[in-house]
Amino acid sequence: MPEIPDLEAIAGFLAPRLAGNPVATVEARVPWLVRTGADALPTLVGHAFTGIRRHGKFLLFATDDARLLVVNPMLTGRFHWAAPAERRRPLTGLVLAFADGHELRYSDQRRMGRWYLVPIEALATIPQMAELGPDALALDEETFLARLRRHPGQIKSILTNQKVLAGIGNAYSDEILWAAGLHPHRRRATMSVDELRRLYHAMRETLDWARPILAQEVAERLYQENNEWRAHLRVHRRAGQPCPRCGHEIAGQTRGGSETNYCLHCQPLAL
Ligand SMILES: [Zn+2]
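Remember, predicted model here, so these are calculated numbers, not experimental data. (Residues numbered from 1 in each chain as written. Predicted model: local features only at pLDDT ≥ 70, side-chain atom pairs only at ≥ 80, totals over all residues. Heavy atoms only, no water.)

**Digging into the nonpolar core**
In this structure, Leu-14, Phe-61, Phe-144 and Leu-199 are the most contacted members of the largest nonpolar core, which totals 60 residues. The greatest single-element share of this core, amounting to nine residues, is contributed by helix H5 (residues 193–221). Formed jointly, this core draws a minimum of three residues from each of two domains, domain 1 (4–125) and domain 2 (136–262). Those residues in contact with Leu-14 that sit more than four places away from it in its chain are Ile-52, Phe-61, Trp-81, Leu-104 and Leu-222. Counting residues in hydrophobic clusters, the runner-up holds 13 residues, among them Phe-58, Leu-68, Val-70 and Ala-122. (Core = buried A, V, L, I, M, F, W, Y, C linked by side-chain atoms within 4.5 Å. Buried < 20%, exposed > 50% of the residue type's maximum accessible area, 1.4 Å probe, protein only. Helix = DSSP H or I, 4+ residues; strand = E, 2+ residues; numbered from the N terminus. Domains from an automatic or database assignment. Contact = heavy atoms within 4.5 Å.)

Have a look at this one:
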């Protein structure tokens, strides 16, 4: 699932390529991926995107006629910046072709991603958008502490709850908790203020560490089949490998199809 570093990098890659480069054609091969505004998709033709920003796990493409194309790629939504001659992936669901000849293709193996085309003022009508917490990159330390204080449960569930703070998912929550030395199943109610402050700084440092790595990956690979950029991660999906900090074996647990990884030596489950 794309998270903050992935989506920041994609936005950074696409913004200069889409500026002043109007949409030439729109092809919705899987029209129901567009939950709102599917009928209006052809009216994007002739309009350019003037900016792209990210909020949580959503990408927002602003058009030059005051609309927003909003994309939530969910688990398996992937972008591909392609020359038209390149073979399309079988699961390509939407294709925007641009005046310069490039195509922005969106594929989605599980077809769970959601697109919306709405007037700017209707942003809050997009499901989940209105209840999204503040973005993790925009959150200051005291606000972070105040928001977490309302939730006593397991810290990984809180970090990945988009209503508490937006943009962190399964992969980066593992990385952040490893950096903070906190077990993912620790209850927030058992944590000291110092531990929560450590968690905040680990979150900022982990995201700041990952963003340039992802920017580089995306710059090289949004032209190619882009699956997931996970090779740089230190604990997530590394069960059985040595912890890069202490050498103990990384543990892994799968629940509901998503994996949680941690080092029990660096992240003891103290109560
Ligand atoms: Zn360790």
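From this point, the narrative continues.
**Side note on the packing of helix H4 (residues 170–180) against H5**
Relative to each other, H4 and H5 sit at 125°, their axes nearing to 8 Å. Here H5 runs oblique to H4, going by the angle between their axes. Seen along the crossing, H4 lies across H5 with a hand that is right-handed. Where H4 approaches H5, its residues Tyr-172, Glu-175, Ile-176, Leu-177, Ala-179 and Ala-180 are matched on the opposing element by Arg-198, Leu-199, Ala-202, Met-203, Thr-206, Trp-209, Ala-210 and Leu-214. (Axes fitted to C-alpha atoms, helices over the stretch in contact; angles between N-to-C directions. Parallel < 35°, antiparallel > 145°, perpendicular 65-115°, else oblique. Left-handed = near helix turned anticlockwise from the far one by under 90°.)

**Focus on the pairing of strand S5 (residues 67–72)**
The buried count for S5 comes to six of six residues, which makes it a mostly enclosed element. Burial along S5 is two-sided: the residues Arg-67, Leu-69 and Val-71 and Leu-68, Val-70 and Asn-72 are all buried. Note that strand S4 (residues 58–63) and S5 share four bridges and pair antiparallel. Across the sheet, the residue bridging to Leu-60 is Val-70, located in S5. Note: S5 against strand S9 (residues 114–119), six bridges, orientation antiparallel. Bridge pairing in S9 places Leu-69 opposite Leu-117. (Pairing = 2+ DSSP bridges.)

**What about the packing of helix H2 (residues 141–149) against H5?**
Packing of H2 against H5 leaves a shortest axis separation of 10 Å and a crossing angle of 120°. The angle between H2 and H5 falls in the class oblique. Crossing of H2 over H5 shows right-handed handedness. Across from Glu-141, Glu-142, Phe-144, Leu-145 and Leu-148 in H2, the residues of H5 making contact are Val-193, Leu-196, Arg-197, Leu-199, Tyr-200, His-201 and Met-203. Per-class residue counts for the contact of H2 with H5 are eight nonpolar, one polar and three charged. (Nonpolar A, V, L, I, M, F, W, Y, C, P; charged D, E, K, R; others polar.)

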